[in-house]
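Descriptive analysis of the structure
Each chain, letter by letter, is given below.
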Amino acid sequence: MNNLIRSSVRCLRASTAAYVSRQPAGHVSFTSARFLCAATDMQQTLGEMVKKDKVVVFIKGTPAQPMCGFSNAVVQILRMHGVDNYAAYNVLDDQDLRQGIKEFSNWPTIPQVYLNSEFVGGCDILLQMHQSGDLVEELNKMGIRSALVEAEKESK
């Protein structure tokens, strides 16, 4: 009981309270302060996660063992550009993380890619950026030299 009270106080201090809404026909919908607080905490945690590293990906599996083709494609694109130092979060390990990141980005699918704390998109968008050369430009802005550019210079 004390934990619930502490949690509620924390939520109220964070300007989060219970949400009660009247639905048509007099039905009342109630969401507990505890649930809202957990959701608020998750959103705050996700905000901190995407800011920790220059490149952050939320994938199914790990970079060493992606568990879906789209996540594998994201890992391979980053690998082709020589981006080895990035944060990768396996959404299959935590359903709250999986749902939370979708709500955080307002994007319904995984994988999700963040560059310099900004949401870029999923596999298709990263692939388009790779094909158009935009990914090289974005990496340069972050101080990351693309291995593809370096390899191209060496071949000339």
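Residues numbered from 1 in each chain as written. Predicted model: local features only at pLDDT ≥ 70, side-chain atom pairs only at ≥ 80, totals over all residues. Heavy atoms only, no water.

Concerning the packing of helix α5 (residues 123-132) against helix α6 (residues 134-141)
Where α5 contacts α6, the two axes come as close as 5 Å, and the packing angle between them is 95 degrees. Between α5 and α6, the angle is such that the two are roughly perpendicular. Together, L126, M129, H130 and S132 of α5 and D134, L135 and E138 of α6 make up the contact between the two elements. (Axes fitted to C-alpha atoms, helices over the stretch in contact; angles between N-to-C directions. Helix = DSSP H or I, 4+ residues; strand = E, 2+ residues; numbered from the N terminus. Parallel < 35°, antiparallel > 145°, perpendicular 65-115°, else oblique. Contact = heavy atoms within 4.5 Å.)

Description of the sheet that holds strand β3 (residues 55-59)
As summarised here, the arrangement of the four strands in space is β4-β3-β5-β6, forming an open sheet in which the pairing is mixed. The sheet is open, and its two edges are formed by β4 (87-90) and β6 (118-121), each paired on a single side. The average undirected angle you get between the axes of adjacent strands in this sheet is 25 degrees. Relative to strand β5 (residues 112-115), β3 runs antiparallel, the two being bridged by four bridges. In the sheet register, V56 faces β5, and the bridge partner there is Y114. Contacts between helix α3 (residues 69-80) and the sheet are confined to β3 and β5, with β3 contributing the most and set at about 160 degrees to the helix. Packing of helix α4 (residues 95-105) onto the sheet brings it into contact with β3, β4, β5 and β6, and relative to β5 it is tilted by some 55 degrees. (Pairing = 2+ DSSP bridges.)

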